[in-house]
Amino acid sequence: MSGRAAAAAAHVYPLLRDTGRAIMFTRGNNTHSGNLALRDASDRDTFHITASGSQLGALVPSDVVPVRFSRVSWGDARASTESTIHRKILSIPGVEASIHAHYLSAISVTFDAKGAGNFLVYEGDESGTEEYSFVPVDRTGAWLLSRVPSGTYREPVGSKEMETRIPRYLAGSRATLVKGHGPFVRGASLQECLHVLGLVDASAALLQAARLRGVDTPAIARRLRHEGAAAVYPMPVRPFDVGEFGVYETRDETTIRAFRERAVFNFVQGVCPYGTGSMSEKITEREMLYCPTAAAPEGFEVAIRRLSIEPDETDDWELMFHKALYRDSNHKACIITQSPLASAEALAVLAERHGMDALVRPESVVIDYADRVDHPVVKPIDAEAVYLNPRVGLCRWDAPVAAILDMLRWHKGACFVAGVGVVGAGKITLEQAAHHVSSGESIARFRQTVHLTHLLSGGPPLSHFEPTTQ
Amino acid sequence: MSQLPLGTMGRLLEVDLAARTSRTLPLDAGLAHAFLGGRGLGTALLVRHFLGLRDRYPNPFLAVDPLAADNPLILTTSPANGTPVPTSARFHANFKSPLSGGIGSTNSGGRWGVEFKRTGHDALILTGRSADPVVLFIDAGSVRFDPPPKVDLDDVEAVTEGLEKRYGRGVRVMTVGAAGRRLARIAAIMNDRGRALGRGGGGAVFGAKNLVAIVVAGSVPVETAEPEALQPRNMAGSVYKAHAKLRVGKLTKPPEQFGILPSMGTAGLLGMLSQYDELIHCNFRDTAHVPERIERIGGEALAEHPAISVRRRACFQCPIGCTRETELHDAGGAVIDKGEGPEFETVAMLGANLDIYDLEPVTEANYLCNRFGLDTISAGGTIGALMEVYELARSTPPESRSDGERALMADVEVFTAACARAAGGAGDAGAFAPAFGNARALVPLVRAMAFAEGGLGRALADGSVRLAERYGHPESAMAVKGMEIPAYDPRVTWTQAMAYMTTARGGCHLQGGYSAPIAFCAGYGEFPGIKSEGAALVARNFAYQNTAYDVMGVCAFAGFSVTLDEYANMLNDVTGLGLKASDLESVSRRVLTLERLFNLLCGFSADRDWLPERFYREAIPVEEGMVVCPADEFRAMRAEYYESLGWDEGGVPRTDAIAELGLEGVLPAPETERMLGVALPGPAAARLGRTA
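This text gives an overview of the structure that appears in the document. All figures in this text were calculated on a predicted structure; none of them were measured in a lab.

1. Observations regarding the interface of chain A and chain B
Counting residues at the interface gives 32 residues for chain A, matched by 39 residues for chain B. Summed over both sides, the interface between chain A and chain B buries roughly 3,000 Å², with carbon and sulfur atoms accounting for 53% of that surface. The tally of links between chain A and chain B comes to two salt bridges. Arg 71 of chain A is the partner of Glu 304 of chain B in a salt bridge, and the nearest nitrogen-oxygen pair spans 3.6 Å. Counting the contacts that link chain A with chain B gives twelve residue pairs in polar contact (both at pLDDT 80 or more). Every element with two or more residues in the side of chain A that touches chain B is listed here: helix H1 (4-8), helix H3 (75-78), helix H4 (83-89) and helix H7 (160-172) of chain A. Residues that form the side of chain A that touches chain B fall into these classes: nine nonpolar, 15 polar and eight charged.

Below you can see the structure in the form of structure tokens.
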């Protein structure tokens, strides 16, 4: 059933449909949860929002409803129960879109309490309701999110209390978490909102995985909270800019298709939030094709820039790395992903090997990467990964580029970079690089499962399964 | 079962208007457990009353004329009435309907029901006919038969005002206006001024008893099982949770949060229904409206109309507050008239349905319906039928007109001439022609209908079926079982169509399940809008839900936010029972089956569970293409619906279903069979055992 309302939403429907489907594929909603909202570009008194109970993963045109800012209208009857919250979020200057979703990790980290502090930093009480901050401990989250206000609500679904507090939080932050319910995010576009949602969930997944592996993440979080991202991660992260997407500086359709497909695979497999990470292929001795995201949902644009491999002072860390890789190695393709589980596992292995100070006060613990035999590695325990690569290189985030390049040379093009993600490199195709980043998450997942089973149920320790071969 | 549920008052009040006597009877605990209250209890008491007439009629259900003294008027309350349960103001009326000839069953809010219950009674059974116009006054200690006030008895406002002056402002008044007093078959019973027991012609039953008003003044508190749990501030209690859900439900949340019903009243649903191609137009010819026109009569327009001022009001214990008290002003700002509404159905039936997109005449017509006691749905449906028949007759050369068409044109001529005279001779009589889009005709038509003035007024007062037959075009009546269907086009929403077809009282969007707006408000993508498979079961489940609301005495609108399980929890805190939602559904099935038996005994058959032929034959354009109700599929859906309730393919309840529901004690099967003259069907053959 659609009717005239469907026609009214025709110009915004495809983007909402694709965004909703993207969230479904990354398990950000159950069948009927969440909502998407977008200001109308031409009618500033109107925004479009998904209807109550509509399936965000399979939106039909009539699921998109126009709602007025200035007054109640028929759309309020069909719109999501949380439309009043979105109405206020979208009234924040510069905000054009907002999304609420139910990403599992983003919700899971809110199950924390004042006295526990495993995942959240307690900030105080507001009128008897506790306020916390979720502080991402990974480089991408620390730079792009900084801290995410996380509120406890008496009525955590569609309430007046949420309508008051959530827009206030979002006036100063790109995201906020509702305890036990999920994130609300805002942005200048739906694409940016999807990007922020991915960041929040990936950082939450990383934090949770690292904490469950025994990493003192609260200590890292406290330092980040008080000293800022640069104190721990000196390399800034390139901010998301949807405007740079849709540019393809190659006429080879197969190349464009290959990058787009890889981006979709990475997105769906959850190795990387949309708009983060990077991919490249060296195409001549002096040039590479560079994609400034390693992940994008189906239907979303990416970008392919033709760039010199010579360094430029404006290059961010990832671009600098891609260029260095092509100047100083034989690799021909590279993907860098945020890979939350792999990144968390890297933190855990480094903490086990060098002590927690190596993470909390990295400046006080020097890690030697130069020894070809005795350097940090992550040991896969699953047969497929062991068959591919029985040792994966491991670096801390502050490792010199040369050290990461060594890891790629020594470990078939794979390196976990603690707090950053996974670097995968290939000497023939992008697929080779993709294989490394793809298997990184499963390597970490299996190790985490064994660790927890060992702790909770007396199962064999990790060492029982780790390969002894090189 | 011997203990009465708490929340009940334990007493029924029976009043014989002919003898001017009254007596109290104990509430039968078995009935209270089996039917709880409201529509359930009312149906059971109605059946029991008719069974009591068997010494005078072989089949009293069939024989008793709805307007005769033997037809009782039964008003029932529910255990939740008068407690802190949100929206627990709804009470019920049952009678044999003068409109359908089957069960009359209608529901109202406001405060009358609660006030009556606080006189210490669960139900009022009115029998007989008073020799003179009479006012019935009931308080906790007495029942009095008083003379009518010396005011215009045709005017609900005047009667209410007069009786409030006589008995004090705290009393609650129920009355009928001109329509009920003239036995209009679409007359409503009005309570609390603008609230209506609207459907099925209860106003005519009331008027036929020479009853002017029932005034109630309560003082008896309602005892509940768990008063603490019912405190709205008790965060662990059932009522707190319901309020919390109502506060966040998008239709019910406060106006400052853009809740539709609190912000705009029910008229706020109009735009949405039109956007989704459901809103009727020109007597169900199509659902095509120009959006700008709809904006002139919807809830948004009502809220901002320069000539109409609006105040929000609420029924007892209702945090939603969808009621609109309005005043209509002239250009100078002076108040022309005032009253409640208009509501969604009123705006739809008297506006969009008639191709009238002007709130002022619609509001004025609505005031008249309230003032003179007309059901606005039936009023709009009947005027819609008139306008269609008029257009057919007008487009036919005079020499080719049928007898009915000639009668219509003659009646119209008298009507329009009278209108022109009333207007001081200004303008020609044609300006008042009952044609689609002619807003000038609307108010005079409603007045003529209410007072049954002239041939046209009398025809209007008796509803669309009788009107269309009288004027030679029975196909123009958009009614089921004689009762006009509401403003959702059945071709676009087949589950709602099933409710129209199968509801015992006739074309109704509530009692058989209010599914039409659910597809949009609750937003199920797979909702069977125009899909037959499974639609019958969806309709059945909605019928269970809405029947449960009627039994509990709560408002269907709350059901947009509060689930049946949550209402069951509140009802348990009232009654001390341990009911689950599924138990309420069982009660609903019992009520639906007893209503069915009542209608069968009144001579109904499956043929009455059928939409007007238009819906099977005339496709209308919507976004997806042309839609129509495929007759074969609808027959199959109807059969599925019957089967799901334990009825046979003819819609007759099977003996095992009757026994399972415990209905033998209310309406013994042998008695039913004797009155029907046929045996009730036995258990259905097991599906697996069936062979061709």
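Further notes follow.
2. Regarding the nonpolar core
Ranked by internal contacts, the top residues of the largest apolar core, which has 190 residues, are Phe 61, Ile 383, Leu 611 and Phe 634 of chain B. It is helix H24 (residues 581-601) of chain B that provides the largest number of residues to this core, a total of ten residues. Excluding residues within four positions of it along the chain, Ile 383 of chain B makes contact with Leu 350, Leu 354, Leu 442, Leu 445, Val 446, Met 449 and Leu 460 of chain B. The next biggest cluster of nonpolar side chains, apart from the first, holds 125 residues, and it includes Val 121, Ala 210, Phe 240 and Phe 300 of chain A.

3. Here we look at the sheet that holds strand S6 (residues 123-127) of chain B
All names here are of chain B. With mixed pairing, the six strands of this open sheet are ordered in space as S2-S1-S6-S3-S4-S5. At either margin of the open sheet sits one strand with a lone partner, and together these are strand S2 (21-26) and strand S5 (103-108). Ignoring strand direction, the axes of neighbouring strands in this sheet form an average angle of 15°.

4. Concerning the environment of Glu 673 of chain B
Residues and elements named next belong to chain B. Mapped onto the elements of the fold, Glu 673 is located in helix H28 (residues 669-676). For Glu 673, a relative accessible area of 24% gives the class partly exposed. Excluding residues that lie within four positions of it along the chain, Glu 673 makes contacts with Thr 655, Val 678, Ala 679 and Leu 680. In this structure the side chain of Glu 673 is engaged in a polar contact, spanning 2.8 Å, whose partner is the backbone nitrogen of Leu 680.

5. Describing the pairing of strand S9 (residues 182-187) of chain A
Residue and element names in this part refer to chain A. Most of S9 sits out of view: six of its six residues are buried. In this sheet, S9 lies alongside strand S8 (residues 175-178) in antiparallel orientation, the contact comprising four bridges. Within the sheet, the bridge partner assigned to Ala 175 lies in S9 and is Val 185. In textbook terms, the turn of a hairpin is the stretch between consecutive antiparallel strands, and for S8 and S9 this stretch comprises three residues, one of which, Gly 180, has a positive phi near 75°.

Each value, and the rule that gives it
Here the residue numbering is sequential within each chain, running from 1 through the sequence in written order. Whichever chain is written first becomes A and whichever ligand is written first becomes 1, with later ones labelled in order. Owing to the predicted nature of the model, reporting of local features is limited to residues with pLDDT of at least 70; listing and counting of side-chain atom pairs is limited to 80 or more, with chain, interface and lining totals taken over all residues. Computation of side-chain values: all heavy atoms of the structure, hydrogens and water removed. Contacts are assigned to residue pairs with any non-hydrogen atoms lying within 4.5 Å of each other. What gets called buried area is simply the loss in accessible area from a 1.4 Å probe that two parts show on being joined, summed for both. By definition, a salt bridge exists where a carboxyl oxygen of Asp or Glu is found within 4 Å of a side-chain nitrogen of Lys or Arg. Pairs of N or O atoms within 3.5 Å make up the polar contacts considered here, provided that, within protein, one atom can donate a hydrogen while the other can accept it, and that residues adjacent in sequence are counted only when both atoms are side-chain atoms. Each helix corresponds to a stretch of at least 4 residues labelled H or I by DSSP, and each strand to a stretch of at least 2 residues labelled E; elements are numbered beginning at the N terminus. The classification used treats Ala, Val, Leu, Ile, Met, Phe, Trp, Tyr, Cys and Pro as nonpolar, Asp, Glu, Lys and Arg as charged, and all other residues, Gly among them, as polar. The criterion is simple. A nonpolar core is a set of buried Ala, Val, Leu, Ile, Met, Phe, Trp, Tyr and Cys residues joined through side-chain atoms within 4.5 Å. Relative accessibility under 20% of the residue-type maximum defines a buried residue, over 50% an exposed one, and the middle range a partly exposed one, all with a 1.4 Å probe and only protein chains included. Note on pairing: DSSP must find at least two bridges between two strands before they are called paired. Comment: axis = line fitted to C-alpha atoms, over the contacting stretch for helices; angle = value between 0 and 180 degrees taken between N-to-C directions.

Bear in mind that shape data such as this cannot, by itself, settle questions of function.
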